[in-house]
Amino acid sequence: MRVLKFGGTSVGSADNIRQTASIIKSYQEKYDTTIVVVSAMSGITNALIEAGKKAAQQDETYKEIHTTIETKHLDTIRSLMEVSEQSSLIAQLKVQLNEIDELLHGIFLIKELSKRVLDMLQSYGERMSSLIIATYLTQEGCPAKAEDARKFIRTDQTFGAAKVNQSYTEDAIQTYFAGVDYTPIVTGFCASDHTGETTTLGRGGSDYTAAIIGGALEAEEIEIWTDVDGIMTTDPRIVKDAFSLDQISYEEAMELSHFGAKVIYPPTILPALEKKIPISIRNTFNPAYPGTMICEESGNEELPIKGISSIKEVHLLTLSGSGLIGIPGVSSRLFSALGNANINVILITQASSEHSITLAVLPEFAEDAEEAITNEFSAEIERGKVDIVHVEESLSVIAVVGENMKHTPGISGKFFSALGKNGINVAAIAQGSSELNISVVIKNSDLKKALNALHEKFFEQDLNTIHLYMIGAGLIGSTLLNQIRQQTEFLQNDQKLKIRLAGLANSKLMKLDEKGLDISLSKEELLKDAEPVDVAQFVDRVKAMNMRNSIIVDCTPTMAVVDHYEDILSNSISITTPNKLANSGSLADYKRYQKAANRRGVKFCYETNVGAGLPVISPLNDLKYSGDQILKIEGILSGTLSYIFNSFDGSVPFAEVVRTAQEKGFTEPDPRDDLNGMDVARKILILAREAGYALEPSDVDVENILPQSCLDAQTVDDFYAELESNADFFENRREQAANEGKVLRFIATLENGQASVNLEAVDQSHPFYHLSGSDNMIAFTTKRYLNEPLIIKGPGAGAEVTAAGVFAEVISIGNYLVNG
Ligand SMILES: NC(=O)C1=CN([C@@H]2O[C@H](COP(=O)(O)OP(=O)(O)OC[C@H]3O[C@@H](n4cnc5c(N)ncnc54)[C@H](OP(=O)(O)O)[C@@H]3O)[C@@H](O)[C@H]2O)C=CC1
Ligand SMILES: N[C@@H](CC=O)C(=O)O
Ligand code: NA
């Protein structure tokens, strides 16, 4: 025996009734007895209430509502049935519609809508729908009969939300349905008191009816047919990847429903729970889908968390003060005061210091709650023993629920790390010792981010999304975009990382889209119809979008983004950049960025600042962290200058060698930043700082190898012209070295805390003599690497290697954000 319940949408139109009827028919074929409970057609209960209220307010438009109710029912019948079959049903419906009219007229005359009358009025919704469905089913060859639940569900007289007399009702149901040989179509929601007066069962009433009948008849299953696929892991309107659960326990269902999942209302489960009858949630419009089974077992041990529910708007009230410490009875007074004021408390926390008690309530209760607490503790407040009640607004509650998290370490760790890494501040925490639910209070502007981050963490181990915002799409930026394009599939499969480009900007345009820009487009197409760039606004928009796992990539050669680094990091957004300007400015700024990142638990990565894609900064830090001491750093730190002096053998003029270096993508956007030694100076400064030396830019002694006229040139083209006219100057230096069997090398040195950058002539015995191409070479002499330095060598500039270095950091930040 099964009890099926169909909600308002399932019986809300002729088409939907046909669909519902086909499901009922298929059950008739499969099972001996099927009892069906129906709600009123969608919108009808509200229309009846509205008409009743209008009538009570002497507003004659109640009649129009009555007409709408009538039209909806009669139109449904006309569309459902053959003309020859319609008249008897329409006649029966008309009787009910007349009764409704009379009732409304009565309300109009006495100008009052009591709860008792309202129950009577509402009951017509189910009485009409059950009649239509039963008649239609019978006509379709499936014998059915409308059954009025007021005949067997007995309640007290709490109109609006009456309490069921269980034992009477159980007996009555058993007697009533003994030996039925048709399909009863029972009115949901309605009941009656001992005098026969109509009552209703309150919120979730039709589900409750189904559970009461299922419980009384010990049904093998109760099926709640609705318009969704079952109980979802979280709100699908906020989390696109939410999915329907196949099985959850009664307790989990109750916890989840309590916090917002509207599929089932907890008290309605009780009659089924007591008899251990499984309840399944099915979709009328997707009957092939098995839906969610609610039963004793939680099922699926792989999922420690079954759902994440939330309440969008709560207020947090805090009572604090020394007058609360060690005084028995404080909480009793607090909660009695709230109870007496009829306030429902959603969440309570008290730390063991007993200094404060915090509770969350729905906004509509906040004012009364504040007043009730203030009144109760007025004497203590006056004496300064207790502070005035502190109220915080614009907050949400999020709860993760799951039986399998009991005694499973690491769940709360995961929960809080997902929130923390995303910069979501937790205002209050509650977890009962049942370990079934961990609830936190957060700002409601963080709700969407939190639900998505948590859902991804607990339910989408298959794929985690990183939100990437790229500023600067020149040589490095566009190469990085290419690399991301090529690796997207591999990263999704291998690393379970999905990179979503949520923003892109260059020096002219910017575009942001939280759903992601189409990365398959070229950079020009990506920025088509984009708005004029404003980096401050770009950053503000990234902050406002408040997406989980956000990373900004600064691929510009300017201070435009650097000026916002502290703000970006302080907003829990990670940064990776090849741009050296941030770390080679003042020492105070260098420290500020590190501090901001550390404070927020996000990453600020800049390995490509030195040696491009070569690992230089990270091994240096490894040496330092493992207790080594950096005694000396010697390096060819400029790919450009390495290439220039490795290739400058007198066969082509110096200017041409520089031009080739630029064409190969080694130089800074303005090659003078390389040739004037500034690029190398920045790099040795960054290495010195990473090694623990507190140097300022002015502490680096830099040899400028450019004649003044080259420095003074207005444009890069003018600079090349000057370089050509100074060809002899460079050729002379080269020749002089060559005559001594030496080559020119631009070497950066850090020794005894002193940093310098010089063009030196080195002979064959020097490790830097044999370099080629754009190779960088860095030699670390340390306490452990004393006689033979630790050498890192390889191409230290160029689009591919640099972009790859930045890409590696995007992936490593991504993994840190999503995996901890
Ligand atoms: N080339 C290399 O081998 C290495 C480079 N680097 C560093 O990488 C960074 C990028 O270099 P690279 O790609 O060669 O430089 P490019 O000049 O090719 O590209 C710079 C990009 O930044 C954009 N940009 C410039 N100013 C602004 C601004 N104010 N606001 C927004 N966007 C701006 C440019 O816009 P637009 O397209 O409109 O001009 C361009 O897209 C530099 O910091 C460089 O030092 C680090 C290691 C190695
Ligand atoms: N222009 C730089 C690029 C890398 O930082 C160089 O030549 O090394
Ligand atoms: Na590097």
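Residues numbered from 1 in each chain as written. Chains lettered and ligands numbered in written order. Predicted model: local features only at pLDDT ≥ 70, side-chain atom pairs only at ≥ 80, totals over all residues.

In the annotation of an unreviewed UniProt entry, the entry for the protein chain reads Aspartate kinase, and the organism field reads Sediminitomix flava. The heading Subunit (unreviewed entry) in the UniProt record of the protein chain holds the text "Homotetramer." According to the UniProt record, the Function (unreviewed entry) comment for the protein chain reads "Bifunctional aspartate kinase and homoserine dehydrogenase that catalyzes the first and the third steps toward the synthesis of lysine, methionine and threonine from aspartate." (UniProt positions renumbered as here; feature names shortened; annotations may be inferred.)

The next point concerns the overall build of the protein chain. What the protein chain contains, in helices and strands, is 28 helices and 29 strands. Against the globule reference of 28 Å for 820 residues, the protein chain gives a C-alpha radius of gyration of 37 Å, more extended than a compact globule. Within the protein chain, the fraction of its 820 residues that count as buried is 48%. For the protein chain, contacts bridging at least 24 residues in sequence account for 73% of all contacts bridging at least 6. (Helix = DSSP H or I, 4+ residues; strand = E, 2+ residues; numbered from the N terminus. Rg over C-alpha atoms; globule rule 2.2 N^0.38 Å. Buried ≥ 20, exposed ≤ 12 C-beta atoms within 10 Å, placed from the backbone. Contact = placed C-beta atoms within 7 Å.)

This paragraph deals with the sheet that holds strand 23 (residues 604–605). The sheet built from 7 strands is open, its strands ordered 20-19-18-17-21-22-23 with mixed pairing. Each of the sheet's edge strands pairs with one partner strand only, and the pair in question is strand 20 (531–532) and strand 23. Pairing between strand 17 (residues 464–471) and strand 21 (residues 550–554): 5 bridges, direction parallel. Within the sheet, the bridge partner assigned to H467 lies in strand 21 and is S550. Here helix 17 (residues 535–545) sits on the sheet in contact with strand 17, strand 18 (497–505), strand 19 (509–512) and strand 21, set at roughly 145 degrees to strand 18. (Pairing = 2+ DSSP bridges. Axes fitted to C-alpha atoms, helices over the stretch in contact; angles between N-to-C directions.)

On to the site of ligand 2. Looking at ligand 2, the residues that line it are A612, S638, G639, T640, F666, T667, E668, D674, D679, G796 and A797. Grouping the amino acids of the shell around ligand 2 by side-chain chemistry returns 3 nonpolar, 5 polar and 3 charged. (Near = placed C-beta within 6 Å. Nonpolar A, V, L, I, M, F, W, Y, C, P; charged D, E, K, R; others polar.)

Glancing now at the environment of F730. With respect to the helices and strands, F730 occurs in helix 27 (residues 727–739). When the C-alpha atoms of F730 and A596 are compared, they prove to be 45 Å apart, with 134 residues separating the residues in sequence.

Our next topic: the domain arrangement of the protein chain. Per the domain assignment, the segments making up the protein chain are domain 1 (2–227), domain 2 (307–459), domain 3 (464–610 + 805–819) and domain 4 (617–796). Taken together, the contact pairs 10 residues of domain 2 with 12 residues of domain 3. Taken together, the elements giving at least two residues each to the side of domain 2 that touches domain 3 come down to helix 13 (411–421) and helix 14 (447–459). Of the residues forming the side of domain 2 that touches domain 3, the biggest block, 4 residues, is contributed by helix 14. Its residues assigned to classes, the side of domain 2 that touches domain 3 shows 1 nonpolar, 5 polar and 4 charged. (Domains from an automatic or database assignment.)

Of all residues in the protein chain, 99% have pLDDT values of 70 or greater, and the mean over the chain is 94. Interface scoring of the predicted complex returns ipTM 0.98; its pTM is 0.82. (pLDDT = per-residue confidence, 0-100.)

With that settled, consider the site of ligand 1. Near ligand 1 there are 31 residues, and of these G472, G474, N506, S507 and A560 occur at the shortest range. It is helix 15 (residues 475–495) that provides the largest number of residues to the shell around ligand 1, a total of 3 residues. Here the residues of the shell around ligand 1 sort into 15 nonpolar, 13 polar and 3 charged. Inspection of the shell around ligand 1 shows a minimum of three residues originating in each of domain 3 (464–610 + 805–819) and domain 4 (617–796).

Looking at the element boundaries, A337 is found in helix 10 (residues 330–340). The sequence separation of A337 and S13 amounts to 324 residues, and the corresponding C-alpha distance is 48 Å. When residues no more than four places from it in sequence are discounted, the contact partners of A337 are A372, I373 and E376.

Sheet architecture is open: 6 strands sit in the order 12-13-11-14-16-15, paired in antiparallel fashion. Two strands bound the open sheet, and with one partner strand each, they are strand 12 (345–350) and strand 15 (426–431). Averaged over all adjacent pairs, the angle separating strand axes in this sheet is 30 degrees, with direction ignored. Where strand 14 (residues 390–401) meets strand 16 (residues 437–443), 7 bridges bridge the pair, whose relative direction is antiparallel. Looking across to strand 16, one finds that I398 is bridged to V440.

Attention now moves to the environment of D567. With respect to the helices, strands and loops of the structure, D567 is situated in helix 18 (residues 565–570). Spatially, the C-alpha atoms of D567 and I357 are 34 Å apart, while their sequence positions differ by 210 residues.

According to UniProt, the positions carrying the feature "domain: ACT" (unreviewed entry) are residues 319–396 and 400–478. Note that residues 319–396 is 38% helix and 27% strand, and that its end C-alpha atoms are spaced 19 Å apart.

Once that is clear, we can look at helix 22 (residues 654–663). Among all positions in helix 22, only F654, V657, V658 and A661 are buried. The buried residues of helix 22 all sit within an arc of 100 degrees when viewed along its axis, so they share a single face. On its buried face, helix 22 sits against helix 21 (639–647), helix 26 (716–725) and helix 27. Immediately beyond the C-terminal end of helix 22, within one or two residues, lies G665, with a positive phi of roughly 80 degrees. (Arc of directions from axis to C-beta.)

Take the nonpolar core next. By size, the foremost hydrophobic cluster in this structure holds 138 residues, and its most contacted members are I133, I213, I269, A360 and V441. Top element by residues in this core is helix 5 (residues 115–139). It accounts for 12 residues. When residues no more than four places from it in sequence are discounted, the contact partners of V441 are V314, L316, L347, A360, L395, V397, A427 and A428. Residues L641, V700, L750 and L771 belong to the second largest nonpolar core, which totals 108 residues. (Core = buried A, V, L, I, M, F, W, Y, C linked by C-beta atoms within 7 Å.)

Moving on to the pairing of strand 16. Most of strand 16 is tucked away, with 6 of its 7 residues classed as buried. Summarising the sheet, strand 15 and strand 16 pair through 5 bridges and their orientation is antiparallel. In the strand pairing of strand 16, Q431 is matched with I438.

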